[in-house]
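Residue-level listing of the chains:
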Amino acid sequence: MNHTVNHAITLVVNGVVREASVPARRLLSDCLRHDLGLTGTHVGCEHGVCGACTVLLDGEPVRSCLTFAVTVDGREITTVEGLATGGELSPVQRAFAECHGLQCGFCTPGFLCTATAFLRDNPAPDDEEVLEAISGNLCRCTGYQNIIKAVHRAAEIQAEEAG
Amino acid sequence: MSERSEPTREHVTGVFGERVQRREDARLITGRGRFLDDLGGNALAAAFVRSPHAHARIRDIDVAAALDVDGLVAIYTWEDLPGVLAEPLPLLIPHPALTHGRTAYPLAREVVRHVGEPVVMVVARDRYVAEDACSLIEVDYEILKPVVGVEEAAQAAHLVHEDVPGNVAAHMVQEVPAPDGRSAREAIEAAPHTLAFRLDIERSACTPLEGKGVYARWDADDESLRVYSSTQTSTSVRMAIAAKFGLPLPKVEVIAPDVGGGFGVKIVHPWPEEILVPWAARLLDREIKWTEDRREHFISSAHERAQVQYVRVGFDDDGRVLGLDVNILHDNGAYTPYGIIVPIVTSTQLLGPYKIGAYRVEFSSIYTNTVQVTPYRGAGRPQGVFCMERTMDRIAAHLGRDRTDVRAANFIQPDEFPYDQGMTFQDGRPLIYDSGDYPESLRMLKELIGWDSFPAMRAQAAAEGRTIGIGVGCYVEGTGVGPYEGGHVQVTSDGRVHVSTGLTSQGQGHETVFAQIVATELGVPFEKVSVVTGDTRRFGYAVGTFASRAAVVSGNAIALACRKVREKALRIAADALEADPRDLEITDGVVHVVGAPSASIPLSTIAVLSNPLRYAFDDETRRATQFASSPSPDRPPVGEGEEPGLEGRDYYSPIRSTFASGMHAAIVETDPLTAEIKILRYAVVHDCGKLINPMIVEGQIHGGVAQGVGGALYEKMVYDQHGQLLNASFMDFLMPYATEVPRIETAHLETPSPLNPLGVKGAGEAGVIPVSAVIAAAIEDAEGIPIDRMPISPSDLHALRLAR
């Protein structure tokens, strides 16, 4: 019974065209992790509250645990694996390491993706804006102190590098 | 001595005491971490049918409908479990006072005792299919009366376990008489002032962002088992599995991969899944993985904190406590796999930095039909500190004295260490504080928060129509408990240093701080050192990561192992350089004669020389072969008492715990209309002895405080009268986001521990311990209403205002 019907989908993940055959109920998070082997995206609550599974869908942060993979056929996705370019860490990645913005690292991919999109749209945020930007992601280790610092520091690095 | 927390970016060399960036981060920020569910891409998936009832008898399990599910591999119930696997899970920490310890079966046998207890295991092609099958399995239950709420349970109208009278798992009394021999109750009767009150602390839980998980691989050819588990103790999981399966220990290896937070819940073991998944993997000769989902974590892992405390205290006109009598009802949930560690810790650490005239503490550990209670960061201390600090505040209010003066009047003084509290601690060893400076800590805290200028601040706020209050809380934390940890340090012929220790990591930065210790002890570049934790293939003897013990116990073991390696390196170098070992030192991985830098030999070469070879396979090894040099014909190539290789192994077994301490203060504002509670400032003075990496210690404090804020204002496991957990999701169980955690101001005091070579004390749990007490004090100060329970929501505060 219930032989599931698979659907062929094509995603552009971190700039690479990837094909998968998935049942309609396959979550994007599971598709990325288990079908495409991109395990950097983590699943912390499976109901869209913790933000650990955040990826960028056509550049915008989405909860991949609340997204069916078949609904994003043909779209562009950036995961934590795609934030570095040519082996060089992004400003957000460097800032998180520099400021001790992570401990166990499980929630970190979600924060990195969220902060990346935020700083692209708002390269010089104030304290309130940073707090607002990350207030949809849960972290149980850091108390957020150094995550906030890291987002500010990433803005600084971005500005320095833009010259 | 005191230091504000700002990241620094100056050049660091990676030695003890520096703010070194973490080793772990490179993989974690690029998605290359390896957490449990990242492994075993081709493994079958396990899922569980769990009890929907808090208390019920299983009449029948009907799996027929599930058998047709495409992709189903196997279904198991308790009846399928062979031999010792069908027995209850181990009672990990027996104690004479735990007269009625009870543990669960890996799969429920006849009776379920909390919502979430596993009843059936399903193995299938993937998790989706496994859950499909689970949903088609029908379990017929006869519903029994659930026992919910610790005070109701203590009345024992109904029983959780038929054979446990009164629902009492354990009952324990500890009594320390006054110096004049009077008992606590006598001292209270005779005291000039007495107070009596009741305190109530709710349930919370660790809730690491990554739940538990197990992935097992059976190698049929080798008849060996490799198990990955998101655990805080891989060595002990290994022993438990070997014992349950009757396998020789060397045929079982357990590895804790990257673990997404623990906070205590993952020290419990073996979880049912840690037994069942490897068992099925062996039986089916297939790789199997189970990854806990969030709801499972809420209803089938562990909670903590819930206690009701009845307090009587007698004190003099200065607020000095003459006698303290505390009776604790501790809710241990449905089972007691971790014994009575939590209420023992509450009972003993309740004393904090104080000299109490006479002390009596009694606890009853009570069964309820709820998720079992095992240590959560702080492990009973937040409750003990809540009790003592609320007591101090009530004494101050009664006498009309400053709250910090009352505390200072009771402090153990710096010249009184070692200070024997006269009790038995959680490790069965005497509760003797090793070092500390509580008056200095309080002075620093008052300065940091601006205690003395607060009345002016309050007046200013009042003039603006705002209500603010200030609170303070002090704690002492026994850290670094034994029995032991070990470390292995090996220098290879490429000059790299490989370090392993058996305990595990869940985000504490062990790879970094242990490498700092090695870089310092051995005189090698930080970058050359790599550290492995929690992998029984690398180090088989260990206890685990809990009780703020990793830096203390493994840190010192690794330091001692380094000292062995160093001694051996200097001995070999002295031979090679024809020098006295006492004239040698190691800098940047090179041994050289002090004052004669040209007479030198790198550790990489010493590693080659330390291992006499017959066979060469490169230029380095050629130098160690038998015809390459002319060693003494009278000595064997490996001397008596020597071993080949430049490596060392050592263990550190502390005589007893080392006692870290700290004091926190907060200023809160309460909204006159909405009763919203906002933390305006939060200040921490923290003393964990010598700091290995201040950046990491501050990170630990930040995380602890945030969990404390959760426990004080938001987090609460809400059970209804049927034993249903009503808020088993992150939507309804309110963990703090960035918007709920205030900026945390920290200062460090360093009173080194005299008990261990590095002078360190533990730092992992500290941040969370006094937060509920501090926030309660600040709200009480703002509102003028006694606060005797935690957490406190705006609705709770509103109700308190109405009842005033």
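Reading the values: rules and limits
- Counting from 1, residues in each chain are numbered in the order their sequence is written.
- Going through the entries in the order they are written, you letter the chains from A and number the ligands from 1.
- With pLDDT at 70 or above as the cut-off, local features in this predicted model cover only qualifying residues; side-chain atom pairs require 80 or more to be listed or tallied, and sums for whole chains, interfaces and linings still use all residues.
- Secondary structure counts use DSSP, requiring at least four H or I residues in a row for a helix and at least two E residues in a row for a strand, with both numbered from the N terminus.
- Atoms counted for the radius of gyration: C-alpha only. Globule rule: 2.2 Å times residue count to the power 0.38.
- Backbone-placed C-beta atoms define the burial measure: a residue is buried with 20 or more other C-beta atoms within 10 Å of its own, exposed with 12 or fewer, and partly exposed in between.
- We call two residues in contact when the distance between their C-beta atoms, placed using the backbone, is within 7 Å.
- Any two strands are treated as partners once DSSP identifies two or more bridges connecting them.
- Axis geometry follows a simple rule: fit a line to the C-alpha atoms, using only the stretch in contact for helices, then measure angles between N-to-C directions, giving values from 0 to 180 degrees.
- Under the grouping applied here, Gly and all other residues not named as nonpolar or charged are polar, the nonpolar ones being Ala, Val, Leu, Ile, Met, Phe, Trp, Tyr, Cys and Pro and the charged ones Asp, Glu, Lys and Arg.
- Think of a nonpolar core as buried Ala, Val, Leu, Ile, Met, Phe, Trp, Tyr and Cys residues, each tied to the set through C-beta atoms within 7 Å.
- Small angles under 35 degrees read as roughly parallel and large ones over 145 as roughly antiparallel, with 65 to 115 read as roughly perpendicular and the rest as oblique.
- Definitions for this section: a left-handed crossing has its near helix turned counterclockwise from the far helix by less than a right angle. A right-handed crossing has that turn clockwise.

Visitor: Sorry if this is basic, but what is going on with the overall build of chain B here?
Guide: Regarding its fold elements, chain B presents 19 helices and 29 strands. Against the 2.2 N^0.38 benchmark of 28 Å for 804 residues, chain B shows a C-alpha radius of gyration of 28 Å, consistent with a compact globule. The principal-axis extent of the C-alpha atoms belonging to chain B is close to 90 × 70 × 55 Å. Scored against the burial criterion, the 804 residues of chain B give a buried share of 58%. Across chain B, the fraction of contacts at a sequence separation of at least 24, relative to all contacts at a separation of at least 6, is 81%.

Visitor: I'm lost on the sheet that holds strand β26 (residues 658-670) of chain B in this one. Help?
Guide: Picture the strands of a sheet paired through backbone hydrogen bonds; they go either parallel or antiparallel. Residues and elements named next belong to chain B. Reading across the sheet, the four strands line up as β18-β26-β27-β28 and stay open at both edges, with mixed pairing between neighbours. One side of each edge strand has no neighbouring strand; the edge strands of this open sheet are β18 (467-479) and β28 (744-748). Pairwise comparison of adjacent strand axes, ignoring direction, gives a mean angle of 15° for this sheet. Bridge count for β26 against strand β27 (residues 677-687) is 10 bridges, and the pairing is antiparallel. Its bridge partner lying in β27, Ala665 is registered against Ala683. Helix-sheet contacts for helix α18 (residues 771-783) involve β18, β26 and β27, and the interaxial angle to β18 is about 160°.

Visitor: Mind showing me how you'd approach the environment of Ala43 of chain B here?
Guide: Residue and element names in this part refer to chain B. With respect to the helices, strands and loops of the structure, Ala43 is situated in the loop between α1 (25-28) and β1 (44-50). For Ala43, a count of 19 C-beta atoms within 10 Å corresponds to the partly exposed category. Along the chain, Ala43 and Cys387 lie 344 residues apart, while their C-alpha atoms are 49 Å from each other. In contact with Ala43, other than residues within four places in its own chain, are Tyr215, Glu287, Ile288 and Lys289.

Visitor: How should the interface of chain B and chain A be read in this particular structure?
Guide: Accessible area lost during the coming together of the parts is what is often quoted as the interface size. Between chain B and chain A, the contact holds 47 residues from the first and 51 residues from the second. At the level of secondary structure, the elements contributing two or more residues to the side of chain B that touches chain A comprise α1, α2 (127-136) and α17 (694-714) of chain B. The element that contributes the greatest number of residues to the side of chain B that touches chain A is α17 of chain B, accounting for six residues. Taken together, the residues that form the side of chain B that touches chain A break down as 19 nonpolar, 15 polar and 13 charged.

Visitor: Which parts of the structure should I look at to understand the pairing of strand β16 (residues 419-424) of chain B?
Guide: Side chains on a regular strand alternate between the two faces of the sheet. Residues and elements named next belong to chain B. Two strands pair when backbone bridges link them, and β16 and strand β17 (residues 430-433) are joined in this way by three bridges, in the antiparallel orientation. When the sheet's bridge partners are listed, Asp420 is paired in β17 with Ile432. Connecting β16 to the antiparallel partner β17 that follows it, the hairpin turn spans five residues, and Gly428 within it adopts a positive phi of roughly 80°.

Visitor: Sorry, what's going on with the sheet that holds strand β19 (residues 485-491) of chain B here?
Guide: Residues and elements named next belong to chain B. Spatial strand order, β21-β20-β19-β25: four strands in an open sheet with mixed pairing. Pairing within the sheet leaves two strands with one partner each, and these edge strands are β21 (529-533) and β25 (646-652). Neighbouring strand axes in the sheet, compared pairwise and without regard to direction, differ in orientation by 15° on average. Taken together, the four bridges between β19 and strand β20 (residues 497-501) define a ladder with antiparallel strand orientation. Within β20, the residue paired with Val489 across the bridge is Val499. Its contacts with the sheet place helix α13 (residues 510-522) against β19, β20 and β21, and it is angled at close to 135° to β21. Seen against the sheet, helix α14 (residues 550-577) touches β19, β20 and β25 and runs at an angle of roughly 145° to β25.

Visitor: What should I look at first to understand unusual backbone geometry in this one?
Guide: Glycine aside, negative phi is the norm for most residues, and most peptide bonds take the trans geometry. Residues and elements named next belong to chain B. A cis amide bond links His269 with the next residue in sequence, Pro270, at an omega value of -15°. If you trace the backbone, Pro270 turns up in the loop between β11 (252-255) and α6 (272-284). A positive phi angle is found at Ala547, which is not glycine, with a value near 55°. By C-beta crowding, Ala547 is classed as buried, having 27 other C-beta atoms within 10 Å.

Visitor: Quick question: what am I supposed to make of the nonpolar core here?
Guide: Soluble globular proteins tend to bury their nonpolar side chains together. Residue and element names in this part refer to chain B. Core analysis: the largest hydrophobic core is formed by 298 residues, its most contacted members being Ala46, Val122 and Val518. Examining the composition of this core, we find that 15 residues originate from one element, α14, more than from any other. The contact partners of Ala46, leaving out residues within four places of it in the chain, are Met121, Val122, Val123, Ala130, Val277, Ala280, Ile288, Lys289 and Trp290.

Visitor: Quick question: what am I supposed to make of helix α2 (residues 91-98) of chain A here?
Guide: Helical periodicity: at 3.6 residues per turn, an α-helix aligns residues three or four positions apart in one direction. All names here are of chain A. For α2, the complete set of buried residues consists of Pro91, Val92, Gln93, Ala95 and Phe96. Buried positions along α2 lie against α3 (108-121) and α5 (145-162). Two residues or fewer after α2 comes His100, characterised by a positive phi angle close to 55°.

Visitor: Could you clarify how one ought to interpret α2 of chain B in this entry?
Guide: All names here are of chain B. Judged by how many residues are buried, α2 sits mostly within the fold: seven of 10 residues are covered. Along α2, the residues that are buried comprise Arg127, Val129, Ala130, Asp132, Ala133, Cys134 and Leu136. Lining the buried residues of α2 we find β1, β3 (72-76) and β5 (118-124).

Visitor: Is there a simple way to think about the packing of helix α10 (residues 403-410) of chain B against helix α11 (residues 438-449) of chain B in this case?
Guide: Two measures define how a pair of helices packs: the angle their axes make with one another and the distance between the axes. Residue and element names in this part refer to chain B. At a minimum axis separation of 10 Å, α10 and α11 run at an interaxial angle of 165°. In terms of axis orientation, α10 runs roughly antiparallel to α11. Our pair here, α10 against α11, has a crossing hand that is right-handed. Contacts between α10 and α11 involve Thr404, Arg407 and Ala408 from the former and Pro439, Leu442 and Lys446 from the latter.

Visitor: Honestly, the packing of helix α9 (residues 381-399) of chain B against α18 of chain B in this entry has me stumped. Any pointers?
Guide: Residues and elements named next belong to chain B. Two elements in contact, α9 and α18, have axes whose closest approach is 8 Å; the angle formed by their N-to-C orientations is 30°. With respect to their mutual orientation, α9 and α18 come out roughly parallel. Of the two possible hands of crossing, α9 and α18 adopt the one that is right-handed. On α18, the residues touching Pro382, Val385, Phe386, Glu389, Arg390 and Asp393 of α9 are Ser772, Ala773, Ala776, Ala777 and Glu780.

Scope: geometric values only; no functional claims are made or implied.
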